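# Examining the three-dimensional arrangement
What follows is the residue order along each chain.
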There are 2 protein chains.
Amino acid sequence: MQLKQVILIGAGNVAWHLGRRLHEQGIRIAQVYSRQLDHAEALGRQLACPATDQTGQILPLDHCLYLLIVSDDAIIEMATQLAFLEGPQRVFAHTSGAVPGSVLVKHFSRSGVFYPLQTLSKDRSIDLANVPICLHADDPEIYQALYELAVRLSDHVFQIDDQARKVLHVAAVFVNNFSNYLFAVGKQILDDNGLSFDLLRPLIGETAAKITDRDPEAMQTGPAIRNDQQTIIAHLRFLQQYPEYQNLYRMITHAIREMHHQKELP
Amino acid sequence: MQLKQVILIGAGNVAWHLGRRLHEQGIRIAQVYSRQLDHAEALGRQLACPATDQTGQILPLDHCLYLLIVSDDAIIEMATQLAFLEGPQRVFAHTSGAVPGSVLVKHFSRSGVFYPLQTLSKDRSIDLANVPICLHADDPEIYQALYELAVRLSDHVFQIDDQARKVLHVAAVFVNNFSNYLFAVGKQILDDNGLSFDLLRPLIGETAAKITDRDPEAMQTGPAIRNDQQTIIAHLRFLQQYPEYQNLYRMITHAIREMHHQKELP
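Below, the structure is looked at part by part. All figures in this text were calculated on a predicted structure; none of them were measured in a lab.

For the rest of this paragraph, the subject is the sheet that holds strand S8 (residues 157-159) of chain B. Residues and elements named next belong to chain B. Read from one edge of the open sheet, eight strands run S3-S2-S1-S4-S5-S6-S7-S8, paired in mixed fashion. Here the strands that pair on one side only, and so sit at the sheet edges, are strand S3 (51-52) and S8. When strand S2 (residues 28-33) meets S3, the two strands line up parallel, connected through two bridges. Among the inter-strand pairings, Tyr 33 is bridged to a residue of S3, identified as Thr 52. This element, helix H3 (residues 75-82), spans strand S1 (5-9), S2, strand S4 (64-68) and strand S5 (90-94) of the sheet and lies at about 145° to S4. Against the sheet, helix H5 (residues 162-192) touches S5, strand S6 (111-116) and strand S7 (133-136), its axis set at about 25° to S6.

Residue and element names in this part refer to chain B. Taken as a whole, this structure holds 24 salt bridges over all chains when the rule is applied. One salt bridge in this structure joins Arg 90 and Asp 62, with 3.0 Å as the shortest N-O distance. Taken as a pair, Arg 90 in strand S5 and Asp 62 in the loop between S3 and S4 lie far apart in primary sequence, 28 residues in all. Residue classification places Arg 90 among the buried residues on the basis of a relative accessible area of 12%.

Looking now at the interface of chain B and chain A. If you look at the interface, chain B gives 96 residues, while chain A gives 96 residues. For the pair chain B and chain A, the two sides together bury roughly 9000 Å², of which 67% comes from carbon and sulfur. Between chain B and chain A we count 10 salt bridges in total. Taking the shortest distance from any N to any O, the salt bridge between Asp 72 of chain A and Arg 226 of chain B comes out at 4.0 Å. Among the secondary structure elements, those contributing two or more residues to the side of chain B that touches chain A are H5, helix H6 (201-209), helix H7 (216-219), helix H8 (223-226), helix H9 (229-238) and helix H10 (243-259) of chain B. With 27 residues, H5 of chain B is the single largest residue contributor to the side of chain B that touches chain A. Here the side of chain B that touches chain A is composed, by residue class, of 49 nonpolar, 29 polar and 18 charged.

Now for the nonpolar core. Of all hydrophobic cores here, the largest spans 88 residues; its most connected members are Phe 174, Ile 189 and Leu 200 of chain A together with Phe 174, Ile 189 and Leu 200 of chain B. Aside from chain neighbours lying at most four places away, what touches Leu 200 of chain B is Leu 117, Leu 168, Ala 171, Ala 172 and Val 175 of chain A together with Gly 186 and Leu 190 of chain B.

Turning our eyes to something else, we now look at the packing of aromatic side chains. One pass over the structure, following the stated rule, counts 18 aromatic pairs over all chains. An angle of 65° between the planes, with centres 5.2 Å apart, marks the rings of Phe 178 of chain A and Tyr 249 of chain B as edge-to-face. Placement of Phe 178 of chain A in helix H5 (residues 162-192) and of Tyr 249 of chain B in helix H10 is noted, with the two residues assigned to different chains. You'll find Phe 178 of chain A and Tyr 249 of chain B in the same group, each marked buried. Through successive ring pairs, a cluster of aromatic residues spans Phe 174 and Phe 178 of chain A together with Phe 238, Tyr 242, Tyr 245 and Tyr 249 of chain B.

Looking now at the pairing of S7 of chain B. For a regular strand, the rule is simple: side chains alternate between the two faces of the sheet. All names here are of chain B. Residues Ile 133 and Leu 135 of S7 are buried on one face, and the alternating residues Cys 134 and His 136, pointing to the opposite face, are buried as well. The pairing of S6 with S7 spans four bridges and is classified as antiparallel. Among the inter-strand pairings, Pro 116 is bridged to a residue of S7, identified as Ile 133. Sheet topology places S7 next to S8; three bridges connect them, and they run parallel.

Residues and elements named next belong to chain B. Its identity as a non-glycine residue notwithstanding, Ala 48 has a phi of 55°, on the positive side. Tracing the backbone through its elements, the reader meets Ala 48 in the loop between helix H2 (37-47) and S3. Of the residues examined, Ala 48 reaches a relative accessible area of 67% and is grouped as exposed. Backbone geometry places His 63, a non-glycine residue, at a positive phi of 55°. Mapping His 63 onto the fold places it in the loop between S3 and S4.

The rules behind each value
Residues numbered from 1 in each chain as written. Chains lettered and ligands numbered in written order. Predicted model: local features only at pLDDT ≥ 70, side-chain atom pairs only at ≥ 80, totals over all residues. Heavy atoms only, no water. Pairing = 2+ DSSP bridges. Helix = DSSP H or I, 4+ residues; strand = E, 2+ residues; numbered from the N terminus. Contact = heavy atoms within 4.5 Å. Axes fitted to C-alpha atoms, helices over the stretch in contact; angles between N-to-C directions. Salt bridge = Lys/Arg side-chain N within 4 Å of Asp/Glu carboxyl O. Buried < 20%, exposed > 50% of the residue type's maximum accessible area, 1.4 Å probe, protein only. Buried area = accessible area lost by both parts, 1.4 Å probe. Nonpolar A, V, L, I, M, F, W, Y, C, P; charged D, E, K, R; others polar. Core = buried A, V, L, I, M, F, W, Y, C linked by side-chain atoms within 4.5 Å. Phe/Tyr/Trp six-rings, centres within 6.5 Å; stacked < 30°, edge-to-face > 60°.

Functional significance is not addressed by these values, which are geometric in nature.
As structure tokens, then:
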């Protein structure tokens, strides 16, 4: 089984990045579907392919990968709507870190998971060659077909089963989604006080750069690990105007100290 | 008043980075003090200067900046111990983001703050030229002396008063210390499940790279902002084995949704 073309079911951030990379690598995108026609058409124009907002008009094509790139909660419903496309030469895969591959088995004899482990925003380009792609398929032949496609996109392709993918996804939420939220908290605190967020950008860059080849426990700095009690108290007092941030500050400061088993000043 | 030499009071991470940069830029380091003699000596060897662990043996030198690079809680006590060094041609500054400049006024007629806004780990080199240095001194002549020194170290020198520096420091704790803790949480979750942290390193790099020229609110991705309820529930269930992380997950997921004023699926 060889996959010669892809139909993108979805036109959000992840679909844009995967679609453009597939297109660049010479893999034919046969169609884009989105329930929002303007989104489907915008991506279709990028990929020189037709677009539709009607599931009934999604093309029945052999040697085609139907890539479900929709929000986690929409995958099962979308699979049901696509059931009419089932055929022995068609593969159905979703791109979710959180949803088991098994949800596609009910409707499709050939299915898998094609999960790019990265934070993808539509208007920011990224080199997908460096993005880990985590694949899963029960059927070795389907796995092989997905693998052959994935290695054309990325230098880092891994076989990751449902359980491991779920673990990865939870961890990814902590390191990406939640860190990004903390960046936004920092920005809001500066904005509210008339200070430029540019002052913090080098710090954010270095925070991550440290982790390219080091482990985060060893890179921990700041008042919590130094046990600067007076500073922690002063910060908490300043944060009284932000009860939610104050609560978070208290919780994470405590957790850093727990993680490093610190009881008192060295 | 021109500062011709520096005595480092402290031999921790920040002292290593500032000391090496000062030395590289041709500024004389006259001495290193640390209450741990081996730490003082190790840094002294790097900087080709004498070391001591006795405050009484710190050299009385004119045109000298005494840079107090000790933990926040130790600054006042250290200033008291250094009071005997007070003189009209000597400047005393601390490097803390959190401690007001005024704590040095009691003992020294010429004092200020010299705060590098970065996360500095001893065994990781960094280009200090890109690190914002935040200066404060009530006396314009002292400010000018500190400024002339700082611009030899960094291309980004700012006049930041005590209140603004405190705000910056709180924000820095969120974007750096707390993000780094989240990276450690991600690593622990992977470690516990036999997965390599290398899988997450590209994601961490991109999480920060996005923020070099964009604002974090616009870069938020993940189940919270997409309102993937089933995924959030599955993650919380997985995190039952980590009650502290589960609590943090719940809190930040809620906060992301509050920040983006989301009530239901679009």
